[in-house]
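Structure assessment
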Amino acid sequence: MKNKAKFQRHALPKSPTSIQGLDEITGGGLPKGRPTLVCGGAGCGKTLFAMEFLVYGARQHNEPGVFISFEETEQELTANAVSLGFDLDDLVERKKIWLEHIHIEQGEIEHSGNYDLEGLFIRIHHAIESIGAKRVVLDTLESLFSGLPNPYILRSELRRLLRWLKKKGVTTIITAERGEGTLTRNGIEEFVSDCVILLDHRVNDQTSIRQLRVVKYRGSTHGTNEYPFLIDEDGFSVLPVTSLGLNYSSSLERISTGIPRLDTMLSGKGYFRGSTVLVSGTAGTGKTSIASQFVEAACTRKERVLFFTFEESPSQLVRNMCSIGIDLNPWLKTGLLQFHATRPTHYGLETHLATSIKMINDYEPNVVILDPINAFVIGENHTEVKIMLLRLVDFLKMKRITAFFTSLTSAGENMEITDIYISSLIDTWLLLRDIEIGGERNRGLYVLKSRGMAHSNQIREFKLTDHGIELLDVYVGLEGVLTGSARIAQETKDEAEQLLRQQEIVRKQFALERKREAMEAQILMLRSEYEAEESEVLKVIGIDKMRIDRFTHNNEKMAKSRKGDVDIKSTGTNKT
Amino acid sequence: MEIKQEEKAHTNRLKEQPKKINDDEWVLRLYVAGQTPKSVTALNNLILICEEQLRGKYQIEVIDLLEKPQLARDNQIIAIPTLVRKFPMPVKKIIGDLSNIERALVGLDL
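Attention in this report is confined to the structure presented alongside it. The model shown is predicted, which means the values in this text are computed figures rather than measured ones.

Turning our attention to the interface of chain A and chain B. If you look at the interface, chain A gives 22 residues, while chain B gives 29 residues. Contributions of two or more residues to the side of chain A that touches chain B are made by strand E6 (109-111) and helix H6 (118-131) of chain A. It is H6 of chain A that contributes the most residues to the side of chain A that touches chain B, six residues altogether. Its residues assigned to classes, the side of chain A that touches chain B shows eight nonpolar, seven polar and seven charged. Bridge count for E6 of chain A against strand E4 (residues 92-95) of chain B is three bridges, and the pairing is parallel. Along E4 of chain B, the bridge assignment pairs His-111 of chain A with Ile-95 of chain B.

Now the structure itself:
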């Protein structure tokens, strides 16, 4: 307990900048009552940074500030600040800000003998005392080197100035131009040992990237990475997105894809809320259409959608979607859907990321669409793109925003390999492929992966109809997977075969029947033959019997005629 | 102390008759911050130069910025001591205690 109290007493007091993001990196702001060096090349935003520090200090923290400008006049400073929405005139009038331009006549000044900068001290002192300033900006102190003789005197005077400012307890920002191989052109970083912030404005592949780095911060921990920053109509903002981790919570809520049969494929319920969905496929496979269908479903659920499009203009996209029966106009009007169209080459990845995050923060959408993400891949910057997307995905997950990316893969390549660099970021990955059979291309869809659900392993053919997307079963038979006309042809062929078989059965049954009839007829014939033969045989038998009788009779007769004792008997027989 | 007196006399003279400056009379203004060795040296050197080169046709005005800090802003003074040649035109500025007489003469166009 005692230790803790002691520790807190010794913690470095900080002066909040209120510049978006910077206070997070520096753990609360710039060192209070000490000088901070802000250095960077031309046009990297040093003056703006310093000005925002003063204006926010004056407005939000009740710390009046003095701006000593060695480059711009008071009028120029005021005019520049107007574009950021700062009314410096008003602040000056209310004694919140003191602007002072120090003009150095380069080359007009002759020098003779020893001098000091007491005049500058007096001016700064006067300014501080006039408004009770707590913050001071010296922009750009190094200009003195070009206007004043004898750098040895100047250096010792600047050292004295910084000590003096520190003793006065004002939080000071000193800006300086970056030098070759050194932080500042004249090495003034050696006087400012408390905090050094480096602003960088570099150009990679013809696109500019702004980055900020806290080079040192004595007596305090700070983020050490390069953080992208933005300068736009709202001024200076730093985006410490790299500090995000994997500690976001996951949602169990499921949201419809807008395509009923696709929902079915994803174990019946669709995507997880807050998950990352990727649809990849070759050109014209309907990636944007699937995205739009999802947009429509989301808007119908009264969710807010932010649609970043990098290849089509919003109006073109809306028109095209109308042709497949998805009308996005009503959602645009009600404000549930907002488009943001930029060319990927418009600015660098970091700036894209920063802009996107800023827009997401402003608009607070439930769903974010990026169409397509591989537009960022220029040359061999896969790793950078992945890092950018990783940071975006982390950010979106933390905010529980469902992310929907599309990715254009080049034909002929293995699609799964093309997108492998971002695979690990993706929760649900739908693959669209052209199935080229019989002189036509048809669209097939399958779920490559979908974390956390039992998804279908089937390929579905899908059709873009005038009432949206329809998924059909593909023909899976002995001849493989068939789609489109080939599927229809195969189905017809199957039907014909079926018919043929049925006819065959009928024919066979008929034949059997005939055979039976023939058999029966034969039986009949045989019987009649038999009967005929039978009567014939009986007849013969009768004759034979008669013959036997006659023979007997004759015998009797003969006997009678021979003996005469059987007279009666033979007469009887004869009569019959 | 003598210098101080003289300086005040000069200043007074200027204040009394600000518009009665002769065409060939030089008006020199020396900005100092209190009685520092550097400012004393500067004034001594200035008087020395003037007495040699401009005897009888010069005015020296010494301005102590500790008393009137506002004047530093108005006249864009940062280094001390600074000598300003107000007249003849154009205005010239010389920084330093004028110990390098040669450079001072160049600076004053003498």
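This next bit is on the sheet that holds E6 of chain A. The five strands are arranged E6(A)-E4(B)-E3(B)-E1(B)-E2(B) in an open sheet whose pairing can be described as mixed. Only two strands of the sheet have a single partner each, and these edge strands are E6 of chain A together with strand E2 (58-64) of chain B. Each adjacent strand pair in this sheet contributes to an overall mean axis angle of 25°, direction not counted. The pairing of strand E1 (residues 26-32) of chain B with E2 of chain B spans seven bridges and is parallel. Bridge pairing in E2 of chain B links Leu-30 of chain B to Val-62 of chain B.

Looking now at unusual backbone geometry. Residue and element names in this part refer to chain B. The linkage connecting Ile-80 with the following residue, Pro-81, adopts the cis geometry, with an omega of -5°. Summarising the element assignment, Pro-81 is placed in the loop between helix H3 (70-74) and strand E3 (82-87). Cis geometry marks the peptide bond from Phe-87 to Pro-88, where omega comes out at 5°. The residue Pro-88 is located in the loop between E3 and E4 in this model.

All names here are of chain B. Taking 1.5 Å per residue as the helical rise, helix H2 (residues 37-53) with its 17 residues ought to reach 24 Å, and the 24 Å between its terminal C-alpha atoms agrees with that figure. Buried within H2 we find Lys-38, Ser-39, Ala-42, Leu-43, Asn-45, Leu-46 and Ile-49. With its buried residues spanning 165° around the axis, H2 presents them on a single face. Exposed residues lying more than 90 degrees from the buried face of H2 are Pro-37, Glu-51 and Glu-52.

Scoring rules and cut-offs
Residues numbered from 1 in each chain as written. Chains lettered and ligands numbered in written order. Predicted model: local features only at pLDDT ≥ 70, side-chain atom pairs only at ≥ 80, totals over all residues. Contact = placed C-beta atoms within 7 Å. Helix = DSSP H or I, 4+ residues; strand = E, 2+ residues; numbered from the N terminus. Nonpolar A, V, L, I, M, F, W, Y, C, P; charged D, E, K, R; others polar. Pairing = 2+ DSSP bridges. Axes fitted to C-alpha atoms, helices over the stretch in contact; angles between N-to-C directions. Expected span 1.5 Å × (residues − 1). Buried ≥ 20, exposed ≤ 12 C-beta atoms within 10 Å, placed from the backbone. Arc of directions from axis to C-beta.

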